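# Per-entry structural report
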Amino acid sequence: MVVEARDYQVTVADDLVRWRQGLAGRPDVDIRVYEADDHLFFPGAGPSTPAEYATPQHVDPAAVADIAHWLSHGRG
């Protein structure tokens, strides 16, 4: 499971806590939090806003690498 810490739509403070509780005891689940990323995996600083989505950006290379690794190893 990938989580963006700067996401204001699905938050670390509220939603991640529930996901961790719901997935507790599942050794097949790996949760990764990308501290600088917003909902679209765009890295930045400070709180993200809807206006940030309108600016073309590149997806966080670390998130891309982790997802590609997961896909290539058939987890899930």
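Residues numbered from 1 in each chain as written. Predicted model: local features only at pLDDT ≥ 70, side-chain atom pairs only at ≥ 80, totals over all residues. Heavy atoms only, no water.

## Brief notes about the overall build of the protein chain
A tally of helices and strands in the protein chain yields 2 helices and 2 strands. Across the protein chain, helices and strands are ordered from the amino to the carboxyl terminus as β-α-β-α. The dimensions of the protein chain, computed from C-alpha atoms along their principal axes, are 35 × 30 × 15 Å. Scored against the burial criterion, the 76 residues of the protein chain give a buried share of 21%. (Helix = DSSP H or I, 4+ residues; strand = E, 2+ residues; numbered from the N terminus. Buried < 20%, exposed > 50% of the residue type's maximum accessible area, 1.4 Å probe, protein only.)

## Quick notes on the packing of aromatic side chains
Scanning the entire structure with this criterion turns up 2 aromatic pairs. Between the aromatic rings of Y8 and Y53, the centroid separation amounts to 6.1 Å while the plane-to-plane angle is 15 degrees, which identifies the pairing as stacked. Remark: Y53 occurs in the loop between β2 (32–34) and α2 (61–72) and Y8 occurs in the loop between β1 (2–4) and α1 (12–23); sequence separation between them is 45 residues. (Phe/Tyr/Trp six-rings, centres within 6.5 Å; stacked < 30°, edge-to-face > 60°.)

## Notes on unusual backbone geometry
Of note, F41 is a non-glycine position whose phi angle comes to about 65 degrees, a positive value. Considering the arrangement of structural elements, one finds F41 in the loop between β2 and α2. We classify F41 as buried; its relative accessible area is 14%.

## A look at the pattern of salt bridges
Using the criterion set out here, one finds 5 salt bridges in the structure. With its nearest N and O atoms 2.7 Å apart, the salt bridge here joins R26 to D28. With a shortest N-O distance of 2.9 Å, R32 and D30 are connected by a salt bridge. For R32, a relative accessible area of 36% corresponds to the partly exposed category. Classification of D30 as partly exposed rests on a relative accessible area of 34%. (Salt bridge = Lys/Arg side-chain N within 4 Å of Asp/Glu carboxyl O.)

## Details of the side chain of D60
On the secondary structure map, D60 appears in the loop between β2 and α2. Buried and unpaired, D60 has R6 as its nearest opposite-charge partner, separated by 9.2 Å. D60 has contacts with Y34, D37, F41 and P43, leaving out every residue within four places of it along the chain. (Lys, Arg positive; Asp, Glu negative; His and termini not counted. Contact = heavy atoms within 4.5 Å.)

Note that every value here comes from positions in space, so none of it alone points to a role or purpose.
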